[in-house]
Amino acid sequence: MEKRSWKILYSDYSGMQKKAIELLSAEMGKIINRDKGVYRLHVLPCEKLGAKADKNAVMIGKYSDSDVGKFVNGDEIPQDGYLIKAVDNPANTDYKIVIITAHTDRNLFYGAVDFVDDCLMKLAPVSGAGGLRTPCEVFDKKLPDFAYSSAPTVKTRSIFTWGHPINDYRRYIANIARLKINQLIVWNDFLPINAKDIVDCAHEYGIELIWGYA
């Protein structure tokens, strides 16, 4: 099947780039690694840029990386934004290279978010008279050429929450990062004993954390 030929090629496995790669792997893996009704597990390779890429690949890295830059013109990337672009693989035009790139790690993460949450749904084939899209089949055939870029119009995107109802702060922070929130205000009566861990987690996703107290 076509979807078994995909891999992820990354530039840097640290910081927000690591979060972007983990998101790509998790969401693409849901589609690629399992067959419905079959007890079989496949693997989605995740390799450093420079590895052999003669089939389908999602290439993620900042524009300054030479492997990424050869597929993209810098003018295609909006200021404070990101670019997602699909082109024929020059090593074998039967396959595609999807480039996700930006000038900063944070915007690179947002590009990965929009690829898995928006682009894959738009590229999914339509099934039935109701026109429902089937993302589980998006990688079954060759993807078309496309280019999508975006940049936020609001610089600070903030959310306020009481601290006591958050049972899993890691999941909460991961979820709001996926919504492109970059500032979190947490209100508590007292400083949480794990406050440093929460701050560190927020910073891993490029989120500024502001504490509030009674």
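Please refer to the structure higher up on the page.
Help me out: how do you make sense of the pairing of strand β11 (residues 208-213) in this one?
Working note: regular strand, side chains alternate between the two faces of the sheet. Direction of pairing for strand β10 (residues 183-188) relative to β11: parallel, over a ladder of 6 bridges. Bridge assignment links N188 to a residue of β11, and that residue is Y213. Handedness of the crossover joining β10 and β11 through helix α5 (residues 195-204): right-handed.

Even after reading the chapter, I still don't get a nonpolar patch on the surface, so can you show me in this structure?
Taken together, the side chains of F160, W162 and W187 define a hydrophobic patch exposed on the protein surface, amounting to about 320 Å² of accessible area. With respect to the secondary-structure elements, F160 resides in strand β9 (residues 158-162). Note on F160: relative accessible area 44%, which makes it partly exposed.

Just to check I follow, could you spell out the nonpolar core for this structure?
The tendency in soluble globular proteins is for nonpolar side chains to be buried as a group. Core analysis: the largest hydrophobic core is formed by 47 residues, its most contacted members being W6, L24, M28, I60, F115, F139 and I173. When residues of this core are assigned to their parent elements, the largest contribution, 9 residues, is made by helix α3 (residues 105-123). The residues touching L24, leaving out its near neighbours within four places in the chain, are I8, G29, V58, I60, I100, A112, F115 and V116. Counting 12 residues, the second-largest nonpolar core is a separate cluster that includes V68, I77, I97 and I99.

Where do I start with the pairing of β10 in this structure?
Two elements, β9 and β10, share 5 bridges in a ladder whose sense is parallel. Across the sheet, the residue bridging to S158 is Q183, located in β10.

What is the right way to read the sheet that holds strand β1 (residues 6-10) from this model?
Across a sheet, strands are paired by hydrogen bonds formed along the backbone, either parallel or antiparallel in direction. A sheet is described by the order of its strands in space; here 6 strands give the open sequence β2-β1-β3-β5-β4-β8, paired in mixed fashion. In this open sheet, the two edge strands, each paired with only one partner strand, are β2 (46-48) and β8 (146-150). The average angle at which neighbouring strand axes cross in this sheet is 20°, direction not considered. Relative to β1, helix α1 (residues 15-32) is tilted by about 180°, and along the sheet it contacts β1, β2, β3 (56-60) and β5 (96-102).

Is there a simple way to explain the side chain of N107 in this structure?
Assignment of secondary structure puts N107 in helix α3. A residue is classified by how much of its surface remains accessible, and N107, at 9% relative accessible area, is buried. Setting aside its immediate chain neighbours within four residues, N107 contacts D80, G81, Y82 and A102.

Here is what the cut-offs are and how they apply
- Residues numbered from 1 in each chain as written.
- Predicted model: local features only at pLDDT ≥ 70, side-chain atom pairs only at ≥ 80, totals over all residues.
- Heavy atoms only, no water.
- Pairing = 2+ DSSP bridges.
- Helix = DSSP H or I, 4+ residues; strand = E, 2+ residues; numbered from the N terminus.
- Right-handed = clockwise from strand over helix to strand, strands pointing away.
- Patch = residues over 30% accessible without salt bridge, like charges linked within 9 Å, V, L, I, M, F, W, Y side chains within 5 Å.
- Areas by Shrake-Rupley, 256 points an atom, 1.4 Å probe, with all protein chains shown as cover.
- Salt bridge = Lys/Arg side-chain N within 4 Å of Asp/Glu carboxyl O.
- Buried < 20%, exposed > 50% of the residue type's maximum accessible area, 1.4 Å probe, protein only.
- Core = buried A, V, L, I, M, F, W, Y, C linked by side-chain atoms within 4.5 Å.
- Contact = heavy atoms within 4.5 Å.
- Axes fitted to C-alpha atoms, helices over the stretch in contact; angles between N-to-C directions.

Honestly, it's all geometry; don't read function into it.
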